[in-house]
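# Residue-level structure breakdown
The lines below spell out each chain.
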Amino acid sequence: MKLALEEKPEGKPIVVITANGKTDLKILEALANRHNHQTDKTLYIPQRTYTHLGGLKPSIEALTTILHHQPITDTYIILIDKEHIKNPNQIPQQLQAHGITPTNTQQKQNLIKTEATHGTKQITIYTAILGKNKRIEENIAHLIKLEYDEQIEPDKKAIKTWLKQKDLTLHDLITQARKANLEKALPQLTKLLKELTTQNQ
């Protein structure tokens, strides 16, 4: 599974919308690389300018913009920090408010799968809610604890400092981590990629 930025790949990619910036994309790319031998699917971020504002509403607005102007696929992913979603029930309500009609919703931990219609088109939207309490840095700190038995603060500066001390990148941390620890620290993303990898195989 590959990650494509900006330039549209061939075929029918899986479109990713993120309001959380580069950290999400680095983690997603590293996880996707671990699935390269299992699928030829591509994760695609059409224009990151769609998603420069945080929050659920801007993410769904970005989704509707893509659906109206660049409807190249039927599978979408929204990555969003938990601090922006107080109640997962907000998701179908916000989709409905933006002209997307949910027909079925399933939730497993912090991964929500919504089957919906937009006009005459059937689409599937996966919403991965990141962070234990607030944001994705909590997931990263948890992974560091599991892999190295070291406790660090779940913030960008502390993680960046720790990685530098270990002569690692975030990509290294993810790609070198044990599968079991990734599933514990990043359950929503590992479940998501596992489902996408096995779809239509």
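Residues numbered from 1 in each chain as written. Predicted model: local features only at pLDDT ≥ 70, side-chain atom pairs only at ≥ 80, totals over all residues. Heavy atoms only, no water.

## Considerations on the overall build of the chain
- Within the chain, the secondary structure is distributed over eight helices and seven strands.
- For 201 residues, the compact-globule estimate of 2.2 N^0.38 gives 17 Å, and the C-alpha radius of gyration of the chain, at 16 Å, lies within 12% of that figure.
- Reported as C-alpha extents along the three principal axes, the dimensions of the chain are approximately 50 × 35 × 30 Å.
- Within the structure as shown, the chain displays about 10400 Å² of accessible surface, and the carbon and sulfur contribution to it stands at 45%.
- Looking at the chain, you have 28 positive and 22 negative side-chain charges, and the mean spots of the two groups are 3 Å apart. (Helix = DSSP H or I, 4+ residues; strand = E, 2+ residues; numbered from the N terminus. Rg over C-alpha atoms; globule rule 2.2 N^0.38 Å. Areas by Shrake-Rupley, 256 points an atom, 1.4 Å probe, with all protein chains shown as cover. Lys, Arg positive; Asp, Glu negative; His and termini not counted. Charge placed at Lys NZ, Arg CZ, Asp CG, Glu CD.)

## Thoughts on helix α4 (residues 137-148)
- The end-to-end C-alpha distance of α4, which contains 12 residues, comes to 16 Å, matching closely the 16 Å that a straight helix rising 1.5 Å per residue would cover.
- Within α4 the residues assigned to the buried category are Glu137, Glu138, Asn139, Ile140, Ala141, Leu143, Ile144 and Glu147.
- Two residues or fewer past α4, Asp149 is found with a positive phi of approximately 55°. (Expected span 1.5 Å × (residues − 1). Buried < 20%, exposed > 50% of the residue type's maximum accessible area, 1.4 Å probe, protein only.)

## Observations concerning a positive patch on the surface
- Positive charge collects at one region of the surface, where Lys22, Lys26, Lys160 and Lys164 lie side by side.
- Relative to the elements of secondary structure, Lys22 occurs in helix α1 (residues 22-33). (Patch = residues over 30% accessible without salt bridge, like charges linked within 9 Å, V, L, I, M, F, W, Y side chains within 5 Å. Salt bridge = Lys/Arg side-chain N within 4 Å of Asp/Glu carboxyl O.)

## Thoughts on the pattern of salt bridges
- Enumeration over the complete set of coordinates arrives at six salt bridges.
- Between Lys113 and Glu195 there is a salt bridge, with the nearest N and O atoms lying 3.0 Å from each other. In this pair, Lys113 is assigned in strand β6 (residues 111-118) and Glu195 in helix α8 (residues 187-198), connecting sequence segments 82 residues apart.
- Residue Glu195 is classed as partly exposed on the basis of its relative accessible area of 24%.
- A salt bridge links Asp149 to Lys145, with the nearest nitrogen and oxygen atoms 3.0 Å apart.
- On the basis of relative accessible area, Lys145 is assigned to the partly exposed category, the value being 31%.

## As for the nonpolar core
- In this structure, Ile27, Leu43, Ile77, Leu189 and Leu196 are the most contacted members of the largest nonpolar core, which totals 39 residues.
- Setting aside chain neighbours within four positions, we find Ile27 in contact with Ile136, Ile140, Leu170, Ile174, Leu186 and Leu189. (Core = buried A, V, L, I, M, F, W, Y, C linked by side-chain atoms within 4.5 Å. Contact = heavy atoms within 4.5 Å.)

## Here's the deal with the packing of α1 against α8
- Look at α1 against α8: their axes get within 11 Å of each other, and the N-to-C directions meet at 45°. For the element pair α1 / α8, the angle class is oblique. In terms of crossing hand, the pair formed by α1 and α8 is right-handed. Note on element contacts: α8 touches α1 through Leu189, Thr190 and Leu193, opposite Ile27, Leu28, Leu31 and Ala32.
- Here the residues of the contact of α1 with α8 sort into six nonpolar, one polar and no charged. (Axes fitted to C-alpha atoms, helices over the stretch in contact; angles between N-to-C directions. Parallel < 35°, antiparallel > 145°, perpendicular 65-115°, else oblique. Left-handed = near helix turned anticlockwise from the far one by under 90°. Nonpolar A, V, L, I, M, F, W, Y, C, P; charged D, E, K, R; others polar.)

## Comments concerning the packing of α4 against helix α5 (residues 156-165)
- The contact between α4 and α5 brings their axes to 10 Å, and the two run at 35°. Where α4 crosses over α5, the two elements pack in a sense that is left-handed. On α5, the residues that touch Glu137, Ile140, Ile144 and Tyr148 of α4 are Lys156, Ile159 and Trp162.
- Taken together, the residues of the contact of α4 with α5 break down into five nonpolar, no polar and two charged.

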